[in-house]
Amino acid sequence: KYLGMRLGDVKGGKIQASVIDLMAEKSTGMSIANLEQVIETAGRSAMKKGTELTDDLLMEALDTIREGEAKEWSPEFLESTARHEAGHTVMYWLSGWWSPEVSIVARADRGGGMRRAEAEMKRESLTRDDMLAGIRTTLGGRAAETLYYGEAGLTTGASGDLESATQDARRMVCRYGMVQEFGILAAPELFKYAEAISSPIYQRVTEVASKMLNEQMEQTRNLLEENRQHLDAVAKALLEKNRLYRADLEKILPPIKPVVHAQPVNP
């Protein structure tokens, strides 16, 4: 509410309501004084550029105050990052969600990132289809790298994605009982104790999770190949603008198709 009221009073600029909502999400924990600093910083940038206050200037100011100044990278790195983030974004779109923001601006130890929708993050319960779609979205960056550059062009930028996808796969196997090969046994304690790592059941979990990840990676790559024109379009737009919002993506990608989930089994 504060951001909406405050930005509504700013002259010489029109900020999208969706961007104000995004700022509110990203500024959780920040004080009103911090938010005033963001608005003032964005205002000074607008004056220097001789433009009105824009969505990008506000978001740039917010990210700078939260995470530090943007880093300068080579054109080759930016292109690779754009393709990586486009992979995440297209897979997220295919799973039925619009990303509120995707960026290739590098800060701290990050080269960019795709933000997931708050409504998706706040879901109380996930189906097996939801979990697999989430894994494919996470693997989208690495899959895009293989599509553009082949195995020789893989980068270390996907390390966090691979760790996250692996954790989700293991949870599906031994916490949520979602993998038929392993059955419905829940054994989350396997990841709490060092001695459990040497147990046969831990090795079995690893095998099943690895198989699942390889299958989802292959499916992700196939989907990106089928949607190559959309992947290219998002990557190109990122290179042109550095940051895209949902409104931008809705102009680039077709309307989201309803996601068909598995039907319940009749008793």
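Thresholds applied
- Residues numbered from 1 in each chain as written.
- Predicted model: local features only at pLDDT ≥ 70, side-chain atom pairs only at ≥ 80, totals over all residues.
- Heavy atoms only, no water.
- Helix = DSSP H or I, 4+ residues; strand = E, 2+ residues; numbered from the N terminus.
- Expected span 1.5 Å × (residues − 1).
- Buried < 20%, exposed > 50% of the residue type's maximum accessible area, 1.4 Å probe, protein only.
- Contact = heavy atoms within 4.5 Å.
- Salt bridge = Lys/Arg side-chain N within 4 Å of Asp/Glu carboxyl O.
- Phe/Tyr/Trp six-rings, centres within 6.5 Å; stacked < 30°, edge-to-face > 60°.
- Polar contact = N/O pair within 3.5 Å; in protein donor to acceptor, adjacent residues only side chain to side chain.
- Axes fitted to C-alpha atoms, helices over the stretch in contact; angles between N-to-C directions.
- Parallel < 35°, antiparallel > 145°, perpendicular 65-115°, else oblique.
- Nonpolar A, V, L, I, M, F, W, Y, C, P; charged D, E, K, R; others polar.
- pLDDT = per-residue confidence, 0-100.

Over its 27 residues, helix α9 (residues 200-226) runs 39 Å from end to end, which matches the ideal 39 Å to within 8%, given 1.5 Å per residue. Residues of α9 that are buried: Y202, V205, V208, A209, M212, L213, Q216, T220 and L224. Residues of α9 that are buried sit in contact with α5 (75-94), α7 (128-149), α8 (159-174) and α10 (228-241).

Further remarks concern the environment of T51. In this fold, T51 is placed in the loop between α3 (32-49) and α4 (55-67). The exposure class of T51 is partly exposed, given its relative accessible area of 41%. Setting aside anything within four residues of it in sequence, one finds T51 in contact with A46 and L57.

Summarising the element assignment, D63 is placed in helix α4. Residue classification places D63 among the buried residues on the basis of a relative accessible area of 6%. Leaving out residues up to four positions away in the same chain, D63 has contacts with K26, G68, E101, R107 and R243.

Now for the pattern of salt bridges. One pass over the structure, following the stated rule, counts 16 salt bridges. R171 is the salt-bridge partner of D168, the closest N and O atoms lying 2.9 Å from each other. Of the two residues, D168 and R171 are both situated in helix α8; the distance of three residues between them amounts to about one turn of the helix. We classify D168 as buried; its relative accessible area is 18%. Overlapping salt bridges bring together E60, D63, E101 and R243 as one network.

All right, on to the packing of aromatic side chains then. Applying the stated criterion across every chain, the model contains two aromatic pairs. Look at W73 and F77: their rings are 4.8 Å apart centre to centre, the planes differ by 35 degrees, and that puts the pair in the tilted class. Relative to Y149, the ring of Y148 has its centre 6.3 Å away and its plane inclined at 45 degrees; by these criteria the two rings are tilted. On the basis of relative accessible area, Y149 is assigned to the partly exposed category, the value being 30%.

Next up on the list: the environment of H88. Inspection of the secondary structure puts H88 in helix α5. Using a relative accessible area of 8% as the deciding quantity, one classes H88 as buried. A sequence separation of 136 residues divides H88 from L224, and the C-alpha atoms of the two residues are 9.9 Å apart. At 3.1 Å, the side chain of H88 and the side chain of H84 are in polar contact.

Taking 1.5 Å per residue as the helical rise, α8 with its 16 residues ought to reach 22 Å, and the 23 Å between its terminal C-alpha atoms agrees with that figure. Tucked into the core, α8 has its buried residues touching α5, α7 and α9.

Turning our attention to the packing of α5 against α9. What describes two packed helices is the angle between their axes and the distance between those same axes. The geometry of α5 relative to α9 is characterised by a closest axis approach of 10 Å and an angle of 90 degrees between their N-to-C directions. In terms of orientation, α5 and α9 fall into the roughly perpendicular class. Touching G87, V90, M91 and L94 of α5 are T220, L223 and L224, all from α9. Grouping the constituent residues of the contact of α5 with α9 by class yields five nonpolar, two polar and no charged.

Looking at the protein, the pLDDT average stands at 84 and 86% of residues meet or exceed 70. Across the protein, α10 holds the top mean pLDDT of 97, while helix α1 (residues 2-8) sits lowest at 61. Within the model, pLDDT remains below 50 along residues 262-267, and this stretch shows one contact once partners closer than five positions in the same chain are excluded.

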